[in-house]
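What follows is each chain in one-letter form.
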Amino acid sequence: MDKNPKLAELRKKAMSLPLLPGVYIMKDDQNKIIYIGKAKALKNRVSQYFGSDTGHPEKVRQMVSRVDHFDYIIADSEFEALVLECSLIKQYMPKYNILLKDSKGYHYIRLSPPPYTRIYEARQKMDDGSRYLGPYVSSMAVQQSVDEVNRIFQLPTCSRVFPRDIGKGRPCLNYYIKQCCGPCTGRMSQADYAERLEQALEFLTHGGKNTEELLRRRMEEAAENLEFEKAARLRDRITAMRRISQKQKVVMSRVEEQDIIALAQGAGGVCFEVFRFTGGQLHDREHFLLDDIDTPAAARTEFIQRYYSLRDTAPPPQITVDGELEDEELLEQWLSEKAGRRVHVVQPQRGEQAQLVEMCRNNAAERIAQQAGMAGRDAAALDELARLLGLKEPPLYIESYDISNTGGSENVAGMVVFENGRPLKSAYRKFAIKTVVGQDDYASMREVLTRRMEEYLKHKEEGSGFGRLPDLILLDGGKGHVSVVKPVVDSYGLNIPVFGMVKDQHHRTRAIAEDGGEISITAKRSAFTLISAIQEEVHRYSIAFHRQKRAKRGIGTELTKIDGVGEARARALLRHFGTMKAIRTASVEELRAVRGVSLPAAEAVHAFFHTEET
């Protein structure tokens, strides 16, 4: 991307700003606002944009390249700057700020025209003769209510039209598994269907508890009047309502009212997931997909500001997040003032709240996976690994190395590649160690990574194979391996994270080694599973290559001892007969039949093995 020609001029202006809190406003050459930010000290913050762009993410570099000039407003305090920033962003919606569209809209419950009324979810009112309940703010609540009422009262959800299709064809599966009352069979009168629908509407308009009490009274009346079939139907509906209620309690919280916010990153971009709890139950959820962020801590803070600026309702008493925030105290003060009461921002480490945060993050990872065409668990594992290792983004392309030898002989290395959390076998590579004599794993690993980096320089224009750099390098070894390899990678001017994979006494993955210590991974289930899979795969691959070389060397050594048999004839014999045993027992005529084996050579092979046996 071309650098901004006004960079020096902009930096000079930025260096003249005061060391006071305030808001800065970046504009393009059309005088359009493209970014708004706040600062504790305007000079320090704004000048960072127009210095070296080495540490800037792509989004910031793009924004800086388009800045023509900037304005600023001095504030009395950093808190006042935050309030002003939120107000201006909401007013101007700059391109490079985190922008959240109000995806909620309004949602309705649609009741199709009688006599066989159906219940549907609808996003808008239509002039189609239907009756509409609502509007409702929560799409999740509408969808759940429609699903529940249709299931409890066994209302039809198929595409058949009644009364036109009554008696035409067999009932669908829902009728046989007792999820539909089956008006298509002709066994249900319009009056019975109307009664069932009336109860369903009671459920939608007055809630489950009131409807359950009403149904219970009707069931008792029916039983007293000896209408046992009717009483049994009402009993089944009450049971269904209780079953649905129990399922809803699966996602519950001891905190009565809170929002849980979690972030996931991946190939599909960035996703924030929000779980909203009221009365201890999950009652709504939202997700927001973004293209790029600066740092997770800064992104969480900015997202929370945008999210609660957008909403008309006050923030809940507790906001639970999945990681660190920038300016947490300032953010809590802003949220508390907006809510008119104290709002706490918490980051749980264990227990029920931590489990809910993990569930929220996994849902965000699933959204990212759908965008990138990945499996949800792979996206979650890579996101967790990035958090564990302190990486800015999930490592979508991982290379792993292992050394294998027997007492220093047949010294080889294997390189395996995992892309999007899965093995990419077409990118696997084998290395025969050339410069190291004897058993020296550190020197062998240094040679392999040096050759790998040299291959990158040769093929970097291709962008694939050795021409593609990994997001992460994992070595089968401890911090000693890392301290040897990291300087090799750094010497090429490449900023690639290098870690080791440490095993316990049972050869199982125990921790991640870094230059100077270890990071335990046993408590991080998704990352642990991924690292274990990578370590097992690279070990298997390097061992298989070592055994292959050792076997080939042993066979080749034995056959090439024979006069007239070189490596080419040895390979031809092995291809033809398959095993050394078959070569030993072959006759001269059978040996002669091998392409490239002359009569003298066949006689020499036959004589070698049979003399040996004698």
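Residues numbered from 1 in each chain as written. Predicted model: local features only at pLDDT ≥ 70, side-chain atom pairs only at ≥ 80, totals over all residues. Heavy atoms only, no water.

Novice: Looking at this model, I keep getting lost on the packing of aromatic side chains. Mind explaining?
Specialist: Each pair of aromatic rings is reported with the distance of its centres and the angle of its planes. This structure, assessed with the given rule, holds 17 aromatic pairs. With a centroid separation of 5.6 Å and an interplanar angle of 20°, the aromatic rings of Phe 303 and Tyr 307 are classed as stacked. Pair noted here: Phe 303 and Tyr 307 are both in helix α10 (residues 296-310), with a separation of four residues, about one helical turn. As far as burial versus exposure is concerned, Phe 303 and Tyr 307 are alike and both buried. With a centroid separation of 4.9 Å and 85° between ring planes, the pair formed by Tyr 307 and Tyr 308 is classed as edge-to-face. Exposure class is identical for Tyr 307 and Tyr 308. Each is buried. (Phe/Tyr/Trp six-rings, centres within 6.5 Å; stacked < 30°, edge-to-face > 60°. Helix = DSSP H or I, 4+ residues; strand = E, 2+ residues; numbered from the N terminus. Buried < 20%, exposed > 50% of the residue type's maximum accessible area, 1.4 Å probe, protein only.)

Novice: Just checking my understanding: could you explain the sheet that holds strand β9 (residues 281-290) for this structure?
Specialist: For sheets, the rule is that strands pair by backbone hydrogen bonds, running either parallel or antiparallel. Read across the sheet, five strands follow the order β9-β8-β7-β10-β11 without closing on themselves; strand pairing throughout is mixed. Unpaired on one side and paired on the other, β9 and β11 (344-346) mark the two borders of the sheet. Averaged over all adjacent pairs, the angle separating strand axes in this sheet is 20°, with direction ignored. Pairing of strand β7 (residues 258-266) with strand β10 (residues 318-321), which is carried by four bridges, proceeds in the parallel orientation. Within the sheet, the bridge partner assigned to Ile 261 lies in β10 and is Val 321. (Pairing = 2+ DSSP bridges. Axes fitted to C-alpha atoms, helices over the stretch in contact; angles between N-to-C directions.)

Novice: How should the pattern of salt bridges be read in this particular structure?
Specialist: Where side chains of opposite charge bring their charged atoms close, a pairing between them can arise. As enumerated under the stated definition, the model contains 27 salt bridges in all. The shortest N-O distance in the salt bridge between Asp 476 and Lys 503 comes to 3.1 Å. Within this pair, whereas Asp 476 is found in the loop between β16 (472-475) and α15 (479-491), its partner Lys 503 is found in strand β17 (residues 498-503), the two being separated by 27 residues in sequence. For Asp 476, a relative accessible area of 10% gives the class buried. For the salt bridge of Asp 490 with Lys 486, the shortest nitrogen-to-oxygen distance reads 2.8 Å. Of this pair, Asp 490 and Lys 486 both sit in helix α15, separated by four residues, roughly a single helical turn. (Salt bridge = Lys/Arg side-chain N within 4 Å of Asp/Glu carboxyl O.)

Novice: Help me understand the state of the cysteines, please; the structure alone is not making it clear to me.
Specialist: Structurally, a disulfide amounts to a covalent bond that connects the sulfur atoms of two cysteines. Counted according to the given criterion, the structure contains zero disulfides. In this structure Cys 184 is a free cysteine whose sulfur lies 6.2 Å from that of Cys 172, the closest cysteine sulfur available. Cysteine Cys 271 shares no disulfide, and the gap to the nearest cysteine sulfur, in Cys 360, comes to 8.8 Å. (Disulfide = S-S within 2.5 Å.)

Novice: Where do I start with the sheet that holds strand β2 (residues 33-39) in this structure?
Specialist: Taken together, three strands build an open sheet; the order of strands is β2-β1-β3 and the sheet is antiparallel. Pairing within the sheet leaves two strands with one partner each, and these edge strands are β2 and β3 (69-74). The sheet shows a mean angle of 20° between the axes of neighbouring strands, direction not considered. Bridge count for strand β1 (residues 22-27) against β3 is six bridges, and the pairing is antiparallel. Across the sheet, Met 26 pairs through a bridge with Phe 70, a residue of β3.

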